[in-house]
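Here is what each chain is made of, one letter per residue.
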Amino acid sequence: MQDYCITKLIGLENVIVSNVVETDTHLEIFIETKPCHQSCPQCGERTRSIHDYRLQKIRDVKFREMYTYLVLKKRRYKCTSCGKRFYERYPFLERYQRHTIRVLQALLIKVRTANFKEVAKELGLGHSTVIRWFDRYYTYENHSLPQILAIDEFKGTTEKGKYQCVIGDPRGFKVFDVIQDRKLSTLKDYFRSLPTHRVQMVVMDMWQPYKILAQQLFQNPIIIVDKFHYARHNFWALERVRKRVQKSFQDKDRKSMKKLRFLLHKPKEKLTTREQELLQYYLELSPDLKKAYQVKEVFKKWMTQSNEHNVRLNLEQLYQAIDESGLDEYQYMKRTFKSWEKEIINSFMYPYTNGYLEGINNKIKVIKRMSYGIRNFQRLRNKVLCSLI
């Protein structure tokens, strides 16, 4: 009964614990098994003839927060038919390994949430051993695409390039794969190996190769531009006007305008009385700044009050407001909107954005930061997918 309780405590069945040695740094648990009939790996005959013994020190998972080793009295048998010598097989130890199977299992679980160095320290393994096991057991292959495909890039900085792409399903909130770079040729090669006929919609930012890819490889997809990526053009244009006009302000007004620039972007209905007075003061200092603010309000009306029925009409009113302002800073925004007009209008027709992938990109940055960067692309891809899938 006592032996049973001990083996149950350490989580090993059918072993006999003969001794436990505790040092300042680790535990050594001496174990052995009962002799039994074994099948010869060469001729298949069963034998119980023992040839010899040897002690093997095996790394195990921590016990009582101490590094633990199993000192196994390893038995070698001799086949009475063909003379073959062979070692006994153990359910907790793979052949030719010096670590128990549950060390590997613990590693594969911990590596999903921690970096390689922390896992190596926790399990008492070498850093290179953890990486080697990770590369061996974590491999992913993608063979499908969702009906609604979202694509975005993140800064991975691997040996394959500065930027990598991540694709996913914004409706099912699922990551499908990570692609080695965002070049059009690479993306075409990748998607040609997959069944693209299922893809009905593609959600993207305003990166032209994504648009070309969707038009050429998918069957008449509905292309949707993420709202954030075109809404920021209005912010950029207003900021360029502010930076230009404040150069002509007196020193005091220029410095105050820089500090209070948030008033230009804050919703009008949320301004306090004092903030309204300050905003009006600065708008009176520059006619161009006042015109830019008016365009910004028209843009806000278009964003908040448009729907699938009036979005095109409201967009034409925005174009008209930009033309009437005569501001060069807004012309780039207008040209961009003209180039992506159909895709921008689609964003009001369908409730899909790249918000989910932007969140995934943030998680990828955390994974990279925890690992102090991962230069090997396949390793980075597998680390991202094992942490997110």
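The rules behind each value
- Residues numbered from 1 in each chain as written.
- Predicted model: local features only at pLDDT ≥ 70, side-chain atom pairs only at ≥ 80, totals over all residues.
- Heavy atoms only, no water.
- Helix = DSSP H or I, 4+ residues; strand = E, 2+ residues; numbered from the N terminus.
- Rg over C-alpha atoms; globule rule 2.2 N^0.38 Å.
- Buried < 20%, exposed > 50% of the residue type's maximum accessible area, 1.4 Å probe, protein only.
- Contact = heavy atoms within 4.5 Å.
- Pairing = 2+ DSSP bridges.
- Axes fitted to C-alpha atoms, helices over the stretch in contact; angles between N-to-C directions.
- Phe/Tyr/Trp six-rings, centres within 6.5 Å; stacked < 30°, edge-to-face > 60°.
- Parallel < 35°, antiparallel > 145°, perpendicular 65-115°, else oblique.
- Left-handed = near helix turned anticlockwise from the far one by under 90°.
- Nonpolar A, V, L, I, M, F, W, Y, C, P; charged D, E, K, R; others polar.
- pLDDT = per-residue confidence, 0-100.
- Core = buried A, V, L, I, M, F, W, Y, C linked by side-chain atoms within 4.5 Å.
- Salt bridge = Lys/Arg side-chain N within 4 Å of Asp/Glu carboxyl O.

K.L.:
Before we go on, may I ask you to explain the overall build of the protein in this structure?
P.N.:
Per the secondary structure count, the protein includes 16 helices and 12 strands. A compact globule built from 389 residues should have a C-alpha radius of gyration of about 21 Å, whereas the protein, at 32 Å, is more than 25% larger. Expressed along its principal axes, the backbone C-alpha trace of the protein runs to roughly 100 × 50 × 40 Å. For the protein, the residues scored as buried account for 46% of the 389 residues in total. The long-range fraction of contacts in the protein, counting pairs at least 24 apart against all pairs at least 6 apart in sequence, stands at 59%.

K.L.:
Would you take a moment to explain the sheet that holds strand β12 (residues 222-225) for this structure?
P.N.:
Within a sheet, neighbouring strands are paired by backbone hydrogen bonds and run either parallel or antiparallel to one another. Read across the sheet, 5 strands follow the order β10-β9-β8-β11-β12 without closing on themselves; strand pairing throughout is mixed. Each edge of the open sheet is held by one strand with a lone partner, namely β10 (174-179) and β12. Taking the axes of each pair of neighbouring strands and ignoring which way they run, one obtains an average angle of 25° across the sheet.

K.L.:
Can you help me understand the packing of aromatic side chains in this one?
P.N.:
Aromatic ring pairs: the centre-centre distance and the angle between the two ring planes describe each pair. Applying the stated criterion across every chain, the model contains 15 aromatic pairs. With 5.2 Å between their ring centres and 70° between their planes, Y281 and Y282 make a pair best called edge-to-face. Residue classification places Y281 among the partly exposed residues on the basis of a relative accessible area of 41%. Exposure remark for Y282: the relative accessible area of 5% places this residue in the buried category. For the pair F299 and F337, a centre-to-centre distance of 6.4 Å together with 55° between the ring planes defines the contact as tilted. One end of the pair, F299, is in helix α11 (residues 287-305); the other, F337, is in helix α13 (residues 331-339), with 38 residues separating them in the sequence. Considered together, F299 and F337 belong to a single accessibility category, that of buried residues. By way of ring pairs, the aromatic residues Y230, F299, W302, F337 and F348 are connected into one cluster.

K.L.:
Please explain unusual backbone geometry as it appears in this structure.
P.N.:
Most peptide bonds are trans, and most residues other than glycine sit at a negative phi. Of note in this structure, E65 is not a glycine but carries a positive phi near 60°. Looking at the secondary structure, you find E65 in the loop between β5 (50-63) and β6 (66-78). Positive phi, normally seen in glycine, also occurs at Y372, with a value near 55°. Within the secondary structure, Y372 sits in the loop between α15 (355-370) and α16 (377-388).

K.L.:
Could you clarify how one ought to interpret the packing of helix α12 (residues 311-325) against α13 in this entry?
P.N.:
Packed helices, taken two at a time, are described by the angle their axes make and the gap between the axes. The N-to-C vectors of α12 and α13 enclose an angle of 155°; their axes lie 10 Å apart at closest approach. When the axes of α12 and α13 are compared, the pair comes out roughly antiparallel. Pair α12 / α13 crosses with left-handed handedness. Here L315, L318, Y319, I322 and D323 of α12 lie close against α13, whose contacting residues are Q331, M333, K334, F337 and K338. Of the residues assigned to the contact of α12 with α13, the class counts are 6 nonpolar, 1 polar and 3 charged.

K.L.:
For this particular structure, what's the right way to read helix α5 (residues 184-192)?
P.N.:
What sets the pattern is the α-helix's 3.6 residues per turn: residues three or four places apart point alike. For α5, every residue scored as buried is listed here: T186, L187, K188, Y190 and F191. On the buried face of α5, the contacting elements are β8 (148-158), β9 (161-169), β10 and α6 (208-217).

K.L.:
I keep staring at the confidence of the model for the protein and nothing clicks. Help me out?
P.N.:
Regions with low pLDDT carry predicted coordinates that are not meant to be interpreted in detail. In this model, the protein carries an average pLDDT of 92, and 98% of its residues clear a pLDDT of 70 or more. Between the elements of the protein, mean pLDDT differs from a low of 66, seen in helix α1 (residues 2-10), to a high of 97, seen in β12.

K.L.:
Help me understand the nonpolar core in this model?
P.N.:
As a rule of thumb, soluble globular proteins bury nonpolar side chains together. Core analysis: the largest hydrophobic core is formed by 55 residues, its most contacted members being I167, F191, W302, L318, Y330 and F337. Not counting residues up to four positions away in its chain, the partners in contact with Y330 are N234, A237, L238, V241, A292, V295, K296 and I322.

K.L.:
Where do I start with the pattern of salt bridges in this structure?
P.N.:
One side chain can pair with another of opposite charge once the charged atoms of both are near each other. Per the counting criterion, the structure on display carries 22 salt bridges. Taking the shortest distance from any N to any O, the salt bridge between D288 and R244 comes out at 3.2 Å. Of the two residues, D288 is situated in helix α11 and R244 in helix α7 (residues 227-245); the sequence distance between them amounts to 44 residues. In this structure, D251 and K255 form a salt bridge, with 3.3 Å as the shortest nitrogen-oxygen distance. Of this pair, D251 and K255 both sit in helix α8 (residues 251-259), 4 residues apart, roughly one helical turn.

K.L.:
Hey, could you run me through the pairing of strand β2 (residues 26-32) in this one?
P.N.:
Remember that side chains alternate between the two faces of the sheet whenever the strand is regular. Burial within β2 is extensive, with 5 of its 7 residues counted as buried. With 6 bridges connecting them, strand β1 (residues 16-22) and β2 associate as antiparallel partners. Residue pairing in the sheet places V17 in a bridge with I31 of β2. Connecting the antiparallel pair β1 and β2 is a turn made up of 3 residues.

K.L.:
Is there a simple way to explain the packing of helix α3 (residues 116-123) against helix α4 (residues 127-137) in this structure?
P.N.:
Between α3 and α4, the least distance of the axes is 8 Å, while the angle of their chain directions is 110°. Taken together, the axis directions place α3 and α4 in an arrangement best described as roughly perpendicular. Pair α3 / α4 crosses with right-handed handedness. Between α3, through F116, K117, V119 and A120, and α4, the contact on the second element is made entirely by H127, V130, I131 and F134.

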